[in-house]
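Read off the chains here:
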Amino acid sequence: MALEIAVEKPSGINVAEKGRNAEGETTYLDARLFMQLQVFTGARSLEPLQEAMEDSGLGGTLYADVLNPQGVGLLTYSQDPSWFVDGLRNLLNAAPFSGLTRRPEMTMTGRTYSIGYEKDLEDVLLRRPVRHACNPAWPWVIWYPLRRSGEFSMLSADEQRTMLMEHGGIGRAYGKADLAHDVRLSCHGLDQNDNDFLVALMGKELAPLSKVVEHMRSTRQTAGFITQMGPFFVGKAVWQRARMPGE
């Protein structure tokens, strides 16, 4: 079901995400997707976890952890954050997940956001992240949080825009070549280590994802204004289901 995209600015404090329609008008949509990565160890077999996710009816991705031979990561998502303390909590406190050891230091939670020029806010905020994260053609993934320095927010809008364009240009080039695709989430106030953003890089092969991280290190934003990156979760999807919001 399509959501209503408003052109008139909401009154009072505006927490809606902003975009821009074909006429150049600013548009607003007060909707977003919350996504969470939970990481575990102690998984000697993947099959019970795959079966549990298949039976759950949920959308998401189960990853085998590249850095831990008994490690797994579980990505789930919902428009309603209450679901993480209702539905997901019940799933993780029951077998087979209850038999694993959770690694809380690796938990990553964020929300989708817009930059302000997107034409299709509903797709950007609710559907594209699911298509990317649950795409069987892109099984490899690197998830990591990052934090910008306070100095970045003190720069002029033009300076910020120039740096973000440099950063975004690299990502678009890798995406156009079908080497790497991304999911970007805001985690302000949602991250236990006070990070600002979560990034997931996914693709057909792992090496190009590593190359993206390497390439980004040379940008002015990363070199001069990123104070913290990681921890990194590196995985390969062993189960996926792309259940779109509203289905």
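To be clear, the structure that these remarks concern was listed above.
Structure report, in brief. (Residues numbered from 1 in each chain as written. Predicted model: local features only at pLDDT ≥ 70, side-chain atom pairs only at ≥ 80, totals over all residues. Heavy atoms only, no water.)

**Let's talk about the overall build of the protein chain**
Counting its regular elements, the protein chain contains seven helices and 12 strands. In the protein chain, 75% of the contacts between residues at least 6 apart in sequence involve partners at least 24 apart. Side-chain charges of the protein chain comprise 26 positive and 30 negative groups, with the mean position of each set lying 4 Å from the other. (Helix = DSSP H or I, 4+ residues; strand = E, 2+ residues; numbered from the N terminus. Contact = heavy atoms within 4.5 Å. Lys, Arg positive; Asp, Glu negative; His and termini not counted. Charge placed at Lys NZ, Arg CZ, Asp CG, Glu CD.)

**Some words on the nonpolar core**
Formed by 29 residues in total, the largest nonpolar core has its most connected members in M35, L37, Y63, L75, M108, W143 and F233. Of all the elements in the fold, those that place two or more residues in this core are β3 (34-41), β5 (72-78), α3 (121-133), β8 (140-148), β9 (181-186), β10 (197-203) and β12 (233-241). Here this core gets five residues from one element, more than from any other, and that element is α3. If we ignore the near neighbours within four places in the chain, the residues touching F233 are L37, V39, Y63, D65, V72, G73, M106, M108, V141, I142 and W143. (Core = buried A, V, L, I, M, F, W, Y, C linked by side-chain atoms within 4.5 Å. Buried < 20%, exposed > 50% of the residue type's maximum accessible area, 1.4 Å probe, protein only.)

**Points about the environment of Q221**
Mapping Q221 onto the fold places it in helix α7 (residues 220-225). Overall, the relative accessible area of 4% leaves Q221 in the buried class. Sequence-wise, Q221 and R148 are 73 residues apart; in three dimensions their C-alpha atoms are separated by 8.5 Å. Among residues more than four places away in sequence, those in contact with Q221 are R148, F152, M163, L164, H167 and I226.

**So, the packing of helix α5 (residues 157-176) against helix α6 (residues 207-216)**
Packing of α5 against α6 brings their axes to within 10 Å, and their N-to-C directions diverge by 160°. Regarding the angle of α5 to α6, the classification is roughly antiparallel. Note on packing geometry: the crossing formed by α5 with α6 is right-handed. In contact with H167, I170, G171 and Y174 of α5, α6 contributes P208, K211, V212, H215 and M216. Tallied by class, residues from the contact of α5 with α6 come to five nonpolar, three polar and one charged. (Axes fitted to C-alpha atoms, helices over the stretch in contact; angles between N-to-C directions. Parallel < 35°, antiparallel > 145°, perpendicular 65-115°, else oblique. Left-handed = near helix turned anticlockwise from the far one by under 90°. Nonpolar A, V, L, I, M, F, W, Y, C, P; charged D, E, K, R; others polar.)

**A short note on the packing of aromatic side chains**
For the coordinates displayed, the defined rule picks out five aromatic pairs. Between the aromatic rings of W83 and F84, the centroid separation amounts to 5.2 Å while the plane-to-plane angle is 75°, which identifies the pairing as edge-to-face. Summarising the burial analysis for this pair, W83 and F84 share the class buried. Here Y113 and F197 contribute two aromatic rings whose centre-to-centre distance is 5.7 Å and whose plane-to-plane angle is 50°, an arrangement assigned as tilted. A residue pair is termed long-range when its members are at least 10 positions apart, and Y113 in the loop between β7 (108-111) and α3 and F197 in strand β10 qualify at 84 residues. For Y113, a relative accessible area of 18% gives the class buried. Its relative accessible area of 13% is what places F197 among the buried residues. (Phe/Tyr/Trp six-rings, centres within 6.5 Å; stacked < 30°, edge-to-face > 60°.)

**Here's the deal with helix α1 (residues 47-56)**
Within α1 the residues assigned to the buried category are L49, A52 and M53. All buried residues of α1 lie within an arc of 95° about the axis, which places them on one face of the element. At its buried positions, α1 is contacted by β4 (60-65), β5, α2 (87-92) and β12. Where α1 terminates, the next one or two residues include G57, which has phi positive at roughly 80°. (Arc of directions from axis to C-beta.)

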